[in-house]
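Each chain is listed here by its residues.
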Amino acid sequence: MPDKLYHECRELISQGRVILEDLSEWGFDTVQTPADDELPICPVPTAAGLPAPVECRPESLDELEARLNGCVLCPLCEQRKNIIFGAGNPQADLVLVGEAPGREEDIQGYPFVGEAGRLLDRILFAMKLNRQDVYICNVIKCRPPSNRDPQPDEIAACEPFLKLQLAAIRPRMIVALGRFAAQTLLQCKDPIGRLRGHWREYQGIPLMPTFHPAYLLRNPAAKREVWGDMKQVLQRLNRDHQ
Ligand code: URA
Ligand code: URA
């Protein structure tokens, strides 16, 4: 490389470094390219169908959470204390999707903080993972009264937000915890007992259905199966890393 060009390159790189150092001091940890910023955010699909395809960038999790604020798209809004959006690492390789918040979650505002959540923590611990390594959310973001099953209209209202959450995170793998998460993400009606333990795909992302931790509280013998499913997840996560 000619000397002049070499010096210009060095100059440009050092200027770039100073700009990035400045940005980092001001508290920016990512720099978005203008091209990305100019794109509109994805419109929310409605129960009536998917919107016409447009070029768009995925909405960030923060934008999505802000948009859910005050949601009145289904009757669950009437009795909820909090909308339980989700929690964990927005860049997680692994997302775990549950069913719907229960009493504790409704009070505290975070997913899986009750008894089923404590069991989920133990499962994660056994996988040598913790809450900050993964992202956890539910199909339904508001508590169904008396923890009844979510109704089809409630799932239809809330599912688009789950899809946008997954589009924002773009994890390498998904674990569907229980029947509702598995059936909703896979758009099928197969029983969880048949779905669990077999790799499926959600939008090109490998998805492992397994039993819900609340089911394990009632049926501890099924922990063995769940651990087998989670071992498959770990093996695939590690294998695909190499
Ligand atoms: N059960 C779920 O499916 N999700 C929670 O957040 C808590 C319990
Ligand atoms: N029923 C469910 O909804 N989920 C399970 O994991 C098991 C039974």
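Here the structure is shown first, and the text comes after it.
Thresholds applied
Residues numbered from 1 in each chain as written. Chains lettered and ligands numbered in written order. Predicted model: local features only at pLDDT ≥ 70, side-chain atom pairs only at ≥ 80, totals over all residues. Heavy atoms only, no water. Near = heavy atom within 4 Å. Polar contact = N/O pair within 3.5 Å; in protein donor to acceptor, adjacent residues only side chain to side chain. Areas by Shrake-Rupley, 256 points an atom, 1.4 Å probe, with all protein chains shown as cover. Nonpolar A, V, L, I, M, F, W, Y, C, P; charged D, E, K, R; others polar. Helix = DSSP H or I, 4+ residues; strand = E, 2+ residues; numbered from the N terminus. Expected span 1.5 Å × (residues − 1). Buried < 20%, exposed > 50% of the residue type's maximum accessible area, 1.4 Å probe, protein only. Arc of directions from axis to C-beta. Lys, Arg positive; Asp, Glu negative; His and termini not counted. Salt bridge = Lys/Arg side-chain N within 4 Å of Asp/Glu carboxyl O. Contact = heavy atoms within 4.5 Å. 1 Å grid on protein atoms, 1.4 Å probe; cavity = no way out; pocket = protein on both sides within 12 Å on 5 of 7 lines; lining within 4 Å. Points joined across faces, edges and corners; volume = space filled by probe spheres on them.

### Some remarks on the site of ligand 1
Every residue lining ligand 1 is accounted for by G98, E99, A100, E105, P111, F112, N138 and H212. One of the backbone nitrogen or oxygen atoms of E99 is found 2.7 Å away from an oxygen atom of ligand 1. Side-chain polar atom of H212 to an oxygen atom of ligand 1: 2.8 Å apart, as the coordinates give it. Contact with the protein chains covers 91% of the free accessible surface of ligand 1, which is 230 Å². Each residue belonging to the shell around ligand 1 can be placed in one class, and the counts come to 3 nonpolar, 3 polar and 2 charged.

### Details of helix α5 (residues 115-126)
With 12 residues, α5 extends 17 Å between its outermost C-alpha atoms, agreeing within 8% with the 16 Å of an ideal straight helix rising 1.5 Å per residue. Where α5 is concerned, the buried positions are A116, G117, L119, L120, I123 and L124. In a view along the axis of α5, the buried residues occupy a sector of 160°, so they form one face of it. Of the residues in α5, the exposed ones pointing more than 90 degrees away from the buried face are E115 and F125. At the exit of α5 stands K128, carrying a positive phi of roughly 60°.

### Comments concerning the side chain of E105
Within the secondary structure layout, E105 lies in helix α4 (residues 103-108). Buried charged residue E105 carries no salt bridge. Nearest counter-charge: R143, at 7.0 Å. Here the side chain of E105 touches G114 through a polar contact of 3.0 Å, landing on its backbone nitrogen. Discounting residues that sit within four places of it in the chain, E105 has contacts with I84, Y110, P111, F112, V113 and G114.

### Considering the site of ligand 2
The immediate surroundings of ligand 2 are formed by G178, R179, I192, F211, H212 and Y215. Between ligand 2 and the protein, one listed contact pairs a nitrogen atom with a backbone N or O atom of R179 at 3.3 Å. Here an oxygen atom of ligand 2 and a backbone polar atom of H212 are 2.7 Å apart. The class makeup of the residues in the shell around ligand 2 is 3 nonpolar, 2 polar and 1 charged.

### Some words on empty space enclosed by the protein
Take a probe with the size of a water molecule and roll it over the atoms, and the empty space left behind shows itself. Under the criterion given, the structure shown has 1 cavity of 30 Å³ or more. There is about 100 Å³ of room inside the largest cavity. Lining the largest cavity are 13 residues; nearest its centre among them are L68, C71, C74, C142 and C158. The greatest single-element share of the lining of the largest cavity, amounting to 4 residues, is contributed by helix α6 (residues 152-169). Tallied by class, the residues present in the lining of the largest cavity amount to 10 nonpolar, no polar and 3 charged.

### Focus: the pattern of salt bridges
In this structure the tally under the stated criterion is 8 salt bridges. In this structure, E59 engages R67 in a salt bridge whose closest nitrogen and oxygen atoms are separated by 2.4 Å. The class of E59 is buried, set by a relative accessible area of 3%. For D93, the salt bridge goes to R172, with nearest N and O atoms at 3.1 Å. Taken as a pair, D93 in the loop between β1 (87-88) and β2 (94-98) and R172 in the loop between α6 and β4 (173-177) lie far apart in primary sequence, 79 residues in all.

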